[in-house]
Structure formats: structure tokens, C-alpha cells
Amino acid sequence: MTKEQKQDAVLSCALTAVFFALVIGIWGVWYRTNDDAILSNIAFGAYGSDRVHLVYVNFLYGWLLRGLQCLNDSLNWFALSQVGLLYASTAVLTYYGIRHWGRLRGAVLAAAMMANVLFRIQYTQTAALALCAGLVVLLENLGKKSRANLLGLALVLLGAMLRFDMFFAVGGLSACVLLQRFIRLDKPEKKRAVAVAAAMVCLVFGAKLVDRAAYLTDPDWASYLPYNAARTEFSDFKSNFLSEENTLSDI
């Protein structure tokens, strides 16, 4: 990393910290939906001893929060982990914004992102931002031997664990740009890019397989899965019209 890059990295982290302090100081931090409140209550132990089965959030993420709670069980680590992930993602995007468009426009970009996502956090939105930041890091270092790829992989993995569906949404939107950049690489660079992509897929889907196994091997949670799948057809508006009067009660 050159001296200028280091300065831009420090500036990005500092700008993000200042904006975070301002946003939190003025508005505080709120949950955008009640989903996050319920998930944080599960992780906090408000509903019983099981703190790691977070339904929509990966089982491994639940264990990550459980480990943090061992350090201090009085803190809301589900909310704090999101704020930390938002900070890291915003700092990363600000850095690359500064590198591409200059410091002034990079700062404006940071302010726009933070004003929108921070003071009303929502885990799906946080996951999307983390995935976006992670993929930007991988894109900017595509085919390069760079430790920055480790940061990109970490952000992608955490984002996918927080909300797996967002991996397909954000990944699908960025696939065209990644493919265009990949085509222009030489052969050694393409090999490195493929290796990083393979690592990303293994990490994301490996974590998902662990999550699925954790539910299927527990009889109670295994019986919950088909109920939850049927419930979300209606609660998430996948089915907008009911053709029979007793559809819900039948399911």
C-alpha cells in the first residue's frame, strides 16, 4: 500500500467514525422492523436458553454472538455486531469512493450511505451493504495477490451469514461487472481470481450447509422448518391472494 493509499484509508476510517458519531448522537440507533428486535431477544436469551438458532440468521453467526456474550452478557451484541459491520462496510466503500472520485465526493458518498442505513438498522439491509462492500474489495483486487481479498471474503461471509438470500441478490447485480473485469485479466491473474471466487463460494455455502445441518439434526427445529416455510409464504407476501377460505388454517 502506497503512502497516499494509507492516507486515504485513515481518512476513510476517520470520516466514517465522525459521521457515525454524529448520526448516533443526533438520531440514536433504531430497528427498522420488529424482526431485529426479536432476533436480538433470541440472541440475548430473553426467550430461553437457546441463543444460537436465529431462524433467518446463520447458526454460526449465532455462535459468534454467543462467544461475544461470554465477554459481556449485558450488551446487545446482535445490534452492536450490525453497527460494527455497517462501520466496516461504509469505511471500505468510502475508501474506494475516495480512490475513484476524490476525497470530497467520497465524503459525500459516505454521508449519504450512513444517513440512510445507520440510525435505523435492519439485518437484511446490513447484510446487503456488507456483501456490496466485500464484492467491491474483491473486484478492486481481482487477480491480484493482495491481503485485501481476505477482508473482502470476510465481509461477504458475514453478510451472507446475516442474510443468505442477499448473497444471490447482490451477487446477481454485481456478476456482470465482475465478469467484464475478469475477461480483461491475463492467464495468471485469472487463476488467482478463480481461486478467490472458489474460496468465496466454499465459505458461503459451507456456512449455509452447517446452518442447515444444525436445524435438521435437532428434531424440534427440523419440524419447525416446514411450518416456517409455509408461514413466510404469507407473512412475506409471497402469496398475495388466497383462493380458499381456510387456506391458512389448513397449512
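Residues numbered from 1 in each chain as written. Predicted model: local features only at pLDDT ≥ 70, side-chain atom pairs only at ≥ 80, totals over all residues. Heavy atoms only, no water.

Engineer: Explanation requested: the overall build of the protein in the structure shown.
Structural biologist: If you tally the helices and strands in the protein, you get 11 helices and two strands. Secondary structure elements in the protein, listed N-terminal to C-terminal, are α-β-α-α-α-α-β-α-α-α-α-α-α. For the protein, the C-alpha radius of gyration of 20 Å lies close to 18 Å, the compact-globule estimate for 251 residues. Taken along the three principal axes of its C-alpha coordinates, the protein extends 65 × 45 × 40 Å. For the protein, the share of sequence-separated contacts (at least 6 apart) that also reach a separation of at least 24 residues comes to 71%. Total accessible area on the protein is roughly 14,000 Å²; 65% of this is exposed by carbon and sulfur atoms. (Helix = DSSP H or I, 4+ residues; strand = E, 2+ residues; numbered from the N terminus. Rg over C-alpha atoms; globule rule 2.2 N^0.38 Å. Contact = heavy atoms within 4.5 Å. Areas by Shrake-Rupley, 256 points an atom, 1.4 Å probe, with all protein chains shown as cover.)

Engineer: What should I look at first to understand the packing of helix H3 (residues 59–71) against helix H7 (residues 148–162) in this one?
Structural biologist: Packed helices, taken two at a time, are described by their axes: the angle between them and the distance between them. Packing of H3 against H7 leaves a shortest axis separation of 8 Å and a crossing angle of 105°. Considering the angle they form, H3 stands roughly perpendicular to H7. Contact residues: Leu60, Tyr61 and Leu64 in H3; Leu158, Met161 and Leu162 in H7. (Axes fitted to C-alpha atoms, helices over the stretch in contact; angles between N-to-C directions. Parallel < 35°, antiparallel > 145°, perpendicular 65-115°, else oblique.)

Engineer: Looking at this model, I keep getting lost on the state of the cysteines. Mind explaining?
Structural biologist: Here a disulfide denotes a covalent bond joining the sulfur atom of one cysteine to the sulfur atom of another. Within this structure, the stated rule accounts for zero disulfides. Left without a disulfide partner, Cys176 is nearest to the cysteine sulfur of Cys132, which lies 15 Å away. Judged by its relative accessible area of 49%, Cys176 is partly exposed. (Disulfide = S-S within 2.5 Å. Buried < 20%, exposed > 50% of the residue type's maximum accessible area, 1.4 Å probe, protein only.)

Engineer: Help me understand helix H8 (residues 165–183), please; the structure alone is not making it clear to me.
Structural biologist: Along an α-helix, residues three or four apart share an orientation, since each turn contains 3.6 residues. With 19 residues, H8 extends 27 Å between its outermost C-alpha atoms, agreeing within 8% with the 27 Å of an ideal straight helix rising 1.5 Å per residue. Taking the largest bend as the criterion, H8 deviates by roughly 45°, centred on Ser174. Burial in H8 covers these residues: Met166, Phe167, Val170 and Ser174. Structurally, H8 contributes buried residues whose contacts are with helix H6 (123–140), H7 and helix H9 (187–216). (Expected span 1.5 Å × (residues − 1). Bend = angle between axes of the 7 residues up to and from the residue.)

Engineer: Where do I start with a nonpolar patch on the surface in this structure?
Structural biologist: Side chains of Val18, Leu22, Ile26 and Trp27 sit close together on the surface and give an oily, nonpolar patch of about 420 Å² of accessible area. Following the sequence through the fold, Leu22 ends up in helix H1 (residues 3–27). (Patch = residues over 30% accessible without salt bridge, like charges linked within 9 Å, V, L, I, M, F, W, Y side chains within 5 Å. Salt bridge = Lys/Arg side-chain N within 4 Å of Asp/Glu carboxyl O.)

Engineer: I keep staring at the nonpolar core and nothing clicks. Help me out?
Structural biologist: Core analysis: the biggest nonpolar cluster contains 43 residues, and Val57, Phe78, Val156, Leu162 and Met200 have the highest contact counts within it. Secondary structure elements with two or more residues in this core: helix H2 (34–44), H3, helix H4 (77–101), H6, H7, H8 and H9. In this structure Val156 touches Ala130, Leu131, Gly134, Leu135, Leu138, Phe167, Met200 and Val204, once residues within four positions along its chain are discounted. (Core = buried A, V, L, I, M, F, W, Y, C linked by side-chain atoms within 4.5 Å.)

Engineer: How should the environment of Val52 be read in this particular structure?
Structural biologist: Its location among the elements puts Val52 in the loop between H2 and H3. Its relative accessible area of 8% is what places Val52 among the buried residues. Taking the C-alpha atoms as reference, Val52 lies 9.9 Å from Leu39; in sequence the two are 13 residues apart. Not counting residues within four places of it along the chain, the set of residues in contact with Val52 comprises Phe59, Gly62, Trp63 and Arg66.

Engineer: Explain the pattern of salt bridges to me, please; I cannot follow it from the model alone.
Structural biologist: Opposite charge on two side chains makes pairing possible when the charged atoms of those side chains draw close. The final tally for this structure, using the stated rule, is four salt bridges. Where Arg99 meets Asp8, a salt bridge forms, and the shortest distance between an N and an O atom there is 2.7 Å. With Arg99 in helix H4 and Asp8 in helix H1, this residue pair connects regions lying 91 residues apart in the sequence. Classification of Arg99 by relative accessible area gives partly exposed; the value is 33%. In this structure, the salt-bridge partner of Lys208 is Asp211, at a minimum N-O distance of 3.6 Å.

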